[in-house]
Amino acid sequence: MKMSSILVTSAMLGLAGPALAATPFDGTWKADVSSAQFPKEPGMLQVDKGVYTCTGFCTPKLAVPADGKFHAVTGRSYSDEISVSVVDAKSVKTTARMKGKLMGTNTYMVSDDGKSLTEAYVDNSAANGKPLTGMATFTRVDKGPAGSHAMSGQWRQTAYKSDQDANLTFTYKTTGDMLTMTDPTGNSFTAKFGGPAVLIKGDPGKTMAAVAKTGPNTMVETDSRVGKVVNVTTMTVNGGKAEFVSVDKRNGKTFKYSAIRQ
């Protein structure tokens, strides 16, 4: 599942209904966005004195001029250039590229009362070349510096919405002690339970995934990049419903959601 700038992706291969599932994990799963529990810790977005800064939502911290031009950035898996444009007094747009390829855009719009923020994104990084779109909503926790753009301040995500199944679905299929994951965007991997990490094919970030069973109905996926663990997700299945707990190891933030077997 792919949820805005903070979150995740993932469908229609090896479909297995509840009665036919080889293991509790098998089948195509669709995230229930209404069940999402976003990190309690806020993040900071700011445009002040001509500089755009993002912390908490961006790992590592991002700071680039808000002049509409592309600027080189380092330490990021899905972009090496970012541009930031102040659209108007209440809106800001960011655009990311990787090796000259458009990776996506995020448009932030502040409500008239300044208490909420909407992020509309277009993700162009999918392996199949089809754009993904979605919208996230945030509630203001604190204001930005005096004289800064209206978007500036501390924000906590409260909701997410997408009408695209490609943002919300993924498929697991087990064969012996091997697990295969596929999703509609073109990402896939086949890994041995308890075995070494394998490359997620189609992922421009070159993420490696390792899976392990930790109980009859529970498994853990550990994702890493350049040898460092970036995310650990635990899946616990109860009939046709699964609970996911995802921990971002870079900043300690936890994201939870449920998914329903299709």
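Everything below is about the structure shown above.
Residues numbered from 1 in each chain as written. Predicted model: local features only at pLDDT ≥ 70, side-chain atom pairs only at ≥ 80, totals over all residues. Heavy atoms only, no water.

Time to look at the pairing of strand 6 (residues 81-88). Pairing analysis gives three bridges linking strand 5 (residues 70-72) to strand 6, with the strands arranged antiparallel. Residue F70 lies in a different strand from strand 6, and its bridge partner there is S83. With seven bridges connecting them, strand 6 and strand 7 (residues 91-98) associate as antiparallel partners. Looking across to strand 7, one finds that V84 is bridged to T94. Between the antiparallel neighbours strand 6 and strand 7 lie two residues. (Pairing = 2+ DSSP bridges. Helix = DSSP H or I, 4+ residues; strand = E, 2+ residues; numbered from the N terminus.)

A few words now on the nonpolar core. Residues W29, Y172, F189, M219, M235, F244 and Y257 are the most contacted members of the largest nonpolar core, which totals 26 residues. Taken together, the elements giving at least two residues each to this core come down to strand 1 (27-37), strand 12 (169-175), strand 13 (178-182), strand 14 (188-192), strand 16 (208-215), strand 18 (228-238), strand 19 (241-248) and strand 20 (253-261). Counting residues in each nonpolar core, the second largest holds 22 residues, with Y52, C54, V84 and W155 among its members. (Core = buried A, V, L, I, M, F, W, Y, C linked by side-chain atoms within 4.5 Å. Buried < 20%, exposed > 50% of the residue type's maximum accessible area, 1.4 Å probe, protein only.)

Another aspect to go through is the packing of aromatic side chains. Considering all chains together, one arrives at eight aromatic pairs under this definition. Between the aromatic rings of F244 and Y257, the centroid separation amounts to 4.9 Å while the plane-to-plane angle is 5°, which identifies the pairing as stacked. Of the two residues, F244 sits in strand 19 while Y257 sits in strand 20, which places them 13 residues apart along the sequence. Taking relative accessible area as the criterion, F244 reaches 2% and is therefore assigned buried. By relative accessible area, Y257 is classed as buried at 7%. An aromatic cluster is defined as three or more aromatic residues linked by ring pairs; in this entry it consists of F38, F170, Y172, F244, F255 and Y257. Residue placement shows R97 over the ring face of F70; its charged tip is 3.5 Å from the ring centre. Looking at K213, its charged tip hangs above the ring of F193, at a distance of 4.8 Å from the centre. (Phe/Tyr/Trp six-rings, centres within 6.5 Å; stacked < 30°, edge-to-face > 60°. Lys NZ or Arg CZ within 6 Å of the ring centre and 35° of its normal.)

Let us now look at the pairing of strand 20. Pairing analysis gives five bridges linking strand 1 to strand 20, with the strands arranged antiparallel. Its bridge partner being in strand 20, Q37 is matched across the sheet by K256. Between strand 19 and strand 20, which pair antiparallel and follow one another directly, the connecting turn spans four residues, one of which, G252, has a positive phi of 75°.

A sheet is described by the order of its strands in space; here ten strands give the open sequence 14-13-12-1-20-19-18-17-16-15, paired in antiparallel fashion. Strand pairing shows two members of the sheet lacking a second neighbour, strand 14 and strand 15 (198-199), which therefore form its edges. Sheet analysis places strand 16 next to strand 17 (residues 218-225), joined by seven bridges and oriented antiparallel. Counterpart to A210 in the pairing with strand 17 is T222.

Each disulfide consists of a covalent bond between the sulfur atoms of two cysteine residues. By the definition in use, this model includes one disulfide. The disulfide partner of C54 is C58, and the gap between their sulfur atoms is 2.0 Å. With the S-S dihedral at roughly 95°, the linkage between C54 and C58 falls on the right-handed side. In this pair, the class of C54 matches that of C58, namely buried. (Disulfide = S-S within 2.5 Å.)

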